[in-house]
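# Chains, contacts and geometry: an overview
Single-letter residue listing:
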Amino acid sequence: MDPNHLRNQILSIAGTVVLLALLYVANTQGSDYTIRILNNIAIFIILAVSYNLINGVTGQFSLAPNAFVAIGSYTSALLTLTPMEKEISFIIEPCIWPLSVITLPFIVSLVAAGVVAALLALLMGFPVFRTRGDYLAIVTLGFGEVVRVIANNTQSITNGPLGLKGIADFTNIWWAWGFAIITVFLIGRMIRSSYGMAMKAVKFDQAAAEAVGINTYWHKMLAFTTSAFFQGVGGGLLAHLITTISPVLFTFFLTFNLLIIIVAGGLGSTTGAIIAAILFTWGGEALRFVEEPMDLGFIDIPGIPGMRMVIFSVILVLIMIFARQGLMGTREFNWNWVCRKLGIGGRS
Amino acid sequence: MALLTVEHLTMKFGGLVAVNDFDLALEKNEIVGLIGPNGAGKTTVFNMIAGYYTPTEGAIRFQGSSIAGQKANRITKAGIARTFQNIRLFSELSVIENVMIGYHCRIRSTFLGATLRFPLYRREEKMMVEGAMNLLREVGLEDVAREMSTSLPYGKQRRLEIARALATGPQLLLLDEPAAGMNANETQDLLQLILKLRKDYNLTVFLIEHDMKFVMEICERLKVLDYGTTIAEGTPHEIQNNPRVIEAYLGEVQRA
Amino acid sequence: MELTFFLQQMINGVALGSLYGLIAIGYTMVYGIIRLINFAHGDVMMMGCYFAYFGILMFSLPWWASFAVALLLTAALGVLMDKGAYLPVRNAPRISALITAIGVSFLLENLGLVVFGGRPKGFETPDMFNEVYEVAGLMFPALVLWTPLLTLAILGIILLIIYRTKTGRAMRCISHDMETTKLMGVDVNRIISITFAVGSAAAAAGGIMWAMRYPEINPLMGIIPGFKAFVAAVLGGIGNITGAMLGGLLLGIAEILLVALMPELAGYRDAVAFGLLILILLFRPTGLMGTKLPD
């Protein structure tokens, strides 16, 4: 299709190599703090890009990513914890068999996290996609809350409100960024395939999509489960990064953060989701000072927890009022555009 | 055997009877028109055939099997494609993508195959691109293939919508007011286009239209609806001289 | 199970349900008129509680005056929210309005955390609500009896506004067809603001009674009752005010009975509402009262 296809592919591979090289430098030279932020960025990229698939590309406004991240976190954590660690953690009720005895490799636990999250999405999808628009939003929100309530109450599986502790810190820069690159690559490919086109068609005009023979229900399901799969994997990575998880981590608050990212990036743009994930994670760190006590010499300002979220909420509302397209609208990064801007001609 | 048979088709919305006891038999390769004053229930008939409404009563058979109440996408796959009265293109897709998407329902690649670009998908994608280009050439839009669909002038949007419908591989094409908003020249071009497409793709066409000159010229048979009831049917010549039809239309003028 | 125990629980359920109903009225009025799920409604309720709290504590107002001022201030907050955040996105896609509402919700919650602090504050309940009555062997805290009565009174006032005033007629017209109403020369934006004011005041009333029930308040207290009230509104058929009240009662009773009859499931209490919501949307998407849902 594109005469510059080969050149662009080479550029993409080169770009990835440069990224990996930079990560290598950061990993060897950077402080723990830098590495932690980089890990966070990678996980947020995974979560935001997959969230954008259902909300932005397919136009189904789900508010349930926290549920899938939660399921993924718990699944992978329970699979990598050793039987002894489980015995120590589960003090109120013992962990149920067979979870109590298995320990699996990290990579297997991540795949399992994705699969379990995708299965949950499949189950949820049946009732959820009978609704549309803001009702769909509320029903998915409800499911998200139900998952959290269940996590709080199934003592013998999730250890209830106590959560899981002592999860091995397997997630490093390579795992996190490796999966981020895989996620962006696969979801990007899917969006560019005719399946992605069909998903966009569902977003723009459902009746017209049906008129061209697209099974809208099935394509919504596809986007939803794919998105849930990667959110589950992201959850698994998150669990092995922070090493302690409990239900309070997975409230609507998490969904809200992801929502800000994909809205700021432009609903429907993977590029936008990536840029916004980086800005959000980095910005969240940079804004940390507003919550810390400040001594301006003449006046002492005590720390104000919550100030960052005030700023983010205001940003979200302002984006909706003044810049509904976000950073990228539905546009995507492409090499042709870059080359044109740099004055490197290609065949057109 | 008729390609499409419709018997006793009735649609009620609450107490309102939008279409009452509508019958139709379309033979292969026919061009049949459905006319009638505004609000006569023409689009409702289309929506029932195309699967957007489930008829209150009646049967719809396409190639011998019942399709009444089936989902719209199933009906499209079975071989009935439609256009809309108010053009409904996918606004943020390019012209060629709007046509390519019509092929999507027929590809055999799974989403995994498409995502990982297996050889089957590569072949099918190539087929989609070439097929779409051919269709665009057929409707005279090949030079704007890469433009955004919404940037096209009205007449071209109508043609694009027809090309998109053809991409789904239909045997029966339902056109809802294809000539609406076109000038005399464009209408004439459209007429030639529909005749050519019928020949090239072995199509049967069922259309709704208000432009009487167009209808009388292109259709072999006509059905006339008024207040949901069929008041006349026959050749264009018979319809033109039918007193009930004249009354229905004159009544409309007086009502308006 | 003893009858007295059952009755006791029913009365508790009615009291709790009335609160859900009161909050649900605001959801349903706003949705009915501009098709917006006002996500921030529960947080508006929270603000109402803080207004009342500060009225009593800082300005030493008598409780009834403080409550009245709180209702007025919350109504004003509702108007401010409409003018500042929702009016600019009135003609945007509905999802944009929903995102805005989610943003406003988080803004109120976090502003609450910043300004009021995250620590819960004890809410001083006026003495008359603290008494305990004994009727036919059943013990009733006064609040449990007062709640449904006050709720009914407020519902009555709102129904009067909607069915007996010119403003109410305009509200009904807008919910039917906003464009035409505009053409008739009605100041649509003013009517919408009034709707927000009334709904917010009702939420404040519900919130204050909620605060007396527990009796403490915190900046995140609005989230759960807000969600549940929304479910109540859907149960009753969104847009239908009496329905919202009935939906609230149903939800309140269901919750209390779950906890009373199956104490081992008490932890799932907060999931009841969403379970009901999912069931309703599956089997009776028009709500119990049968108002049609939009696409």
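Being a predicted model, the structure only gives us computed values, none of them experimental.

So, on to the interface of chain C and chain A. Across the contact, 33 residues belong to chain C and 33 residues belong to chain A. Where the side of chain C that touches chain A is concerned, the elements lending two or more residues are helix H4 (94-116) and helix H12 (269-283) of chain C. For the side of chain C that touches chain A, the class distribution of residues is 24 nonpolar, six polar and three charged.

Below, the discussion takes up the sheet that holds strand E9 (residues 221-226) of chain B. All names here are of chain B. Read from one edge of the open sheet, six strands run E6-E7-E8-E3-E9-E10, paired in mixed fashion. Edge positions in the sheet fall to strand E6 (80-82) and strand E10 (229-234), since each of these pairs with one other strand and no more. Taking the axes of each pair of neighbouring strands and ignoring which way they run, one obtains an average angle of 20° across the sheet. Pairing between strand E3 (residues 31-35) and E9: four bridges, direction parallel. Opposite Leu34, over in E9, you have Lys223 as the bridge partner.

Let's shift gears to the interface of chain B and chain A. Interfaces are often described in size by the accessible area the parts lose on coming together. On the chain A side, the residues contacting the 28 residues of chain B number 24 residues. Of all elements in the fold, only helix H2 (72-78), helix H3 (95-104), helix H4 (111-115) and helix H5 (119-139) of chain B reach the threshold of two or more residues within the side of chain B that touches chain A. Partitioning the side of chain B that touches chain A into residue classes produces 14 nonpolar, seven polar and seven charged.

The next subject is helix H2 (residues 41-57) of chain C. Since the α-helix turns once every 3.6 residues, residues separated by three or four places project in the same direction. With 17 residues, H2 of chain C should reach 24 Å at 1.5 Å per residue; the first-to-last C-alpha distance of 25 Å fits that figure. For H2 of chain C, the buried fraction is high: 14 of the 17 residues fall into the buried class.

Residue and element names in this part refer to chain B. An ideal rise of 1.5 Å per residue puts 20 Å on 14 residues; helix H6 (residues 154-167) measures up with 20 Å between its terminal C-alpha atoms. Burial in H6 covers these residues: Gln157, Arg158, Arg159, Leu160, Glu161, Ile162, Ala163, Arg164, Ala165, Leu166 and Ala167. On its buried side, H6 packs onto E6, H3, H5, strand E7 (172-176) and helix H7 (184-201). Gly169 sits one or two positions beyond H6 and adopts a positive phi of about 70°.

This part takes up the pairing of E7 of chain B. Residues and elements named next belong to chain B. When you tally the buried positions in E7, you get five out of five residues, the bulk of the element. Taking every second residue as pointing to the same face, both faces of E7 are buried, with Leu172, Leu174 and Asp176 on one and Leu173 and Leu175 on the other. Of the pairings in the sheet, the one linking E7 to strand E8 (residues 204-208) comprises five bridges and is parallel in character. Residue pairing for E8: Leu173 is matched across the bridge by Val205. Between the parallel pair E7 and E8, the chain is carried across by H7, and the sense of this crossover is right-handed.

The rules behind each value
Residues numbered from 1 in each chain as written. Chains lettered and ligands numbered in written order. Predicted model: local features only at pLDDT ≥ 70, side-chain atom pairs only at ≥ 80, totals over all residues. Contact = placed C-beta atoms within 7 Å. Helix = DSSP H or I, 4+ residues; strand = E, 2+ residues; numbered from the N terminus. Nonpolar A, V, L, I, M, F, W, Y, C, P; charged D, E, K, R; others polar. Pairing = 2+ DSSP bridges. Axes fitted to C-alpha atoms, helices over the stretch in contact; angles between N-to-C directions. Expected span 1.5 Å × (residues − 1). Buried ≥ 20, exposed ≤ 12 C-beta atoms within 10 Å, placed from the backbone. Right-handed = clockwise from strand over helix to strand, strands pointing away.

Note that all results are geometric; they support no functional claim without further evidence.
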